[in-house]
Amino acid sequence: MEVIKENTKIVFENWVNQFSDGLYSWALYKTSSKETAEDLVQDTFMSAYHKFDGFEGKSQPKTWLFSILNNKIIDFYRKNAKVKKNEFRISEKAGFQLSDDLFDENNIWKDQEIDPIWDDEVHLLDNADFNGVMANCMDNLPEKWKTAITSKYLTDKKANEICQDLGITVSNYWQIVHRAKLLLKECLETNWV
Amino acid sequence: MKKTLQIIMNKFINSCKKTTELIDKRGISKLSLIEKVQLQLHTSMCNTCHAYEHRSKFLDKAIGKLFNQKQPHDKAHLSEDRKSKILEELKN
């Protein structure tokens, strides 16, 4: 038992030397705070160490560590968001209904005003509070929709492979992405004030 | 007057609803030539849809910021202090 523990420690020492700069660069890019980024990297290694038994070498260590870090980054955004997390996830049916409702009987925008929150669009992405609101809005989407809009960033898969995984056609896929974006826009305009 | 014009445009070119569909479709699959022309015509006359084009692009960036793992970024170095601290923690 002790031997295994020792071996794990050696593995982690190597990983820290090999991957900590990469993880740190990434966390810094995502959070724009040196201290936060350092803490997140440390947390990542600690979590990885504690769940090392669950890592069966199915993925590359680097990929595994980055996925842990990314979850920590999103948690960090959430904790910082001023709005409380909505604990509900809407159904697909409700999603279609809500996005249809943005348009009137002639299929013209009901609300034609352009929300002033977008005036500052370029700076929003660097704002941790905003990213927190964004993460929460993403969580309210139907599970399948969230998968549809995030999978192209999470994997190298092409659109048609993503569709296969989700069991939908390409035209379904962009419809879902489209509906999801309408709802995200609406959610951000409501919750980011 | 404005409303009437909008209804006419929505009938003869494309509705706002259809236009926003095309805006998001464009990011995923190819638009036909007709779709491209319709999109261009509609957004040149409709401010709300024109703004939606920007929102759609922005949302891609925002989703990417949260989930993308591939975006290139500047190489930064974790301080030696912190590295030793992590190694120290692992020893306990």
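**Some details on helix α6 (residues 128-140) of chain A**
Look at α6(A): 19 Å from first C-alpha to last across 13 residues, which is about the 18 Å you get at 1.5 Å a residue. Within the span of α6(A), buried status applies to A:F130, A:N131, A:G132, A:V133, A:M134, A:A135, A:C137 and A:M138.

**Quick word on the domain arrangement of chain A**
All names here are of chain A. Partitioning chain A into domains gives domain 1 (2-80) and domain 2 (92-191). Measuring from the centre of the C-alpha atoms in domain 1 to the corresponding centre in domain 2 gives 29 Å. Listed as interface residues are six residues of domain 1 and, on the opposing side, seven residues of domain 2. At four residues, helix α3 (residues 61-80) tops the list of elements feeding residues into the side of domain 1 that touches domain 2. Broken down by class, the residue content of the side of domain 1 that touches domain 2 amounts to two nonpolar, three polar and one charged.

**Quick word on the interface of chain B and chain A**
Each partner contributes to the interface: chain B provides 43 residues, whereas chain A provides 47 residues. Put simply, the parts of the chain that give the side of chain B that touches chain A at least two residues each are α1 (2-12), α2 (16-26), α4 (47-67) and α5 (80-91) of chain B. Per-element tally for the side of chain B that touches chain A: the top contributor is α4(B), with 14 residues. Looking at the side of chain B that touches chain A residue by residue, the classes come out as 15 nonpolar, 13 polar and 15 charged.

About the thresholds
- Residues numbered from 1 in each chain as written.
- Chains lettered and ligands numbered in written order.
- Predicted model: local features only at pLDDT ≥ 70, side-chain atom pairs only at ≥ 80, totals over all residues.
- Helix = DSSP H or I, 4+ residues; strand = E, 2+ residues; numbered from the N terminus.
- Expected span 1.5 Å × (residues − 1).
- Buried ≥ 20, exposed ≤ 12 C-beta atoms within 10 Å, placed from the backbone.
- Domains from an automatic or database assignment.
- Contact = placed C-beta atoms within 7 Å.
- Nonpolar A, V, L, I, M, F, W, Y, C, P; charged D, E, K, R; others polar.

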